[in-house]
Amino acid sequence: MNVPPDLETLINKRLSSGSYTNAEDVLHRALEAQDAEESWTDEERRALSAHIEEGYLQSERGELIDGEQP
């Protein structure tokens with residue numbers, strides 16, 4: 001299979017993280033993630049986006065929780 005250099009770089013970066021065992025694993029997980037993302041409704045995407053935005057705003061205000069706090 002011919003893999004463009006930029007894609008090969010991305011695959012190698014994922015492999016070096018230790019979370020993947022081989023290039024097929026990287027591609028398989030990426031395709032699964034794409035399938036999962038496509039199954040989201042617009043409402044779910046908006047809700048997630050709002051949740052992320054609220055978390056970002058909280059961090060900007062310094063309202064972070066220490067990882068050791070319950």
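Owing to the predicted nature of the structure, the values given are computational and were not obtained by experimental measurement.

Q: So what exactly am I meant to see when it comes to the overall build of the protein chain here?
A: Broken down by element type, the protein chain carries 3 helices and 0 strands. Along the protein chain, from the amino end to the carboxyl end, the secondary structure elements read α-α-α. The C-alpha radius of gyration computed for the protein chain amounts to 18 Å, which surpasses the reference 11 Å derived for 70 residues by more than 25%, pointing to a less compact arrangement than a globule. Referenced to the eigenvectors of the C-alpha coordinate spread, the extents of the protein chain come out at roughly 50 × 30 × 25 Å.

Q: Looking at this structure, I do not really get the pattern of salt bridges. What am I missing?
A: Two side chains bearing opposite charge may form a pair once their charged atoms approach each other closely. Inspection of every chain in the model, using the stated rule, returns 4 salt bridges. In this structure, Arg29 engages Asp25 in a salt bridge whose closest nitrogen and oxygen atoms are separated by 3.2 Å. Residue Arg29 and its partner Asp25 are located together in helix α2 (residues 23-38), separated by 4 residues, close to a single helical turn. The class of Arg29 is partly exposed, set by a relative accessible area of 37%. Look at Asp25 and you get buried, because its relative accessible area is 15%. Residues Asp42 and Arg45 are paired through a salt bridge, measuring 3.5 Å at the closest nitrogen-oxygen approach. Residue Asp42 and its partner Arg45 are both found in helix α3 (residues 42-60); the two are separated by 3 residues, about one turn of the helix. Arg45 gets classed as partly exposed once you look at its relative accessible area, which sits at 33%.

Q: What am I meant to see in helix α1 (residues 5-16) here?
A: It helps to recall that an α-helix has 3.6 residues per turn; residues three or four apart then point in one direction. Taking 1.5 Å as the rise per residue, α1 with 12 residues should run 16 Å; its terminal C-alpha atoms sit 16 Å apart, in good agreement. Positive phi appears at Gly18, one or two residues downstream of α1, with a value of about 85°.

Q: What exactly am I supposed to notice about a nonpolar patch on the surface here?
A: Together, Trp40, Leu48 and Ile52 make up an exposed nonpolar region whose accessible area comes to about 280 Å². Turning to its location among the elements, Trp40 is positioned in the loop between α2 and α3. According to the relative accessible area criterion, Trp40 is partly exposed, its value standing at 37%.

Conventions used here
- Residues numbered from 1 in each chain as written.
- Predicted model: local features only at pLDDT ≥ 70, side-chain atom pairs only at ≥ 80, totals over all residues.
- Heavy atoms only, no water.
- Helix = DSSP H or I, 4+ residues; strand = E, 2+ residues; numbered from the N terminus.
- Rg over C-alpha atoms; globule rule 2.2 N^0.38 Å.
- Salt bridge = Lys/Arg side-chain N within 4 Å of Asp/Glu carboxyl O.
- Buried < 20%, exposed > 50% of the residue type's maximum accessible area, 1.4 Å probe, protein only.
- Expected span 1.5 Å × (residues − 1).
- Patch = residues over 30% accessible without salt bridge, like charges linked within 9 Å, V, L, I, M, F, W, Y side chains within 5 Å.
- Areas by Shrake-Rupley, 256 points an atom, 1.4 Å probe, with all protein chains shown as cover.

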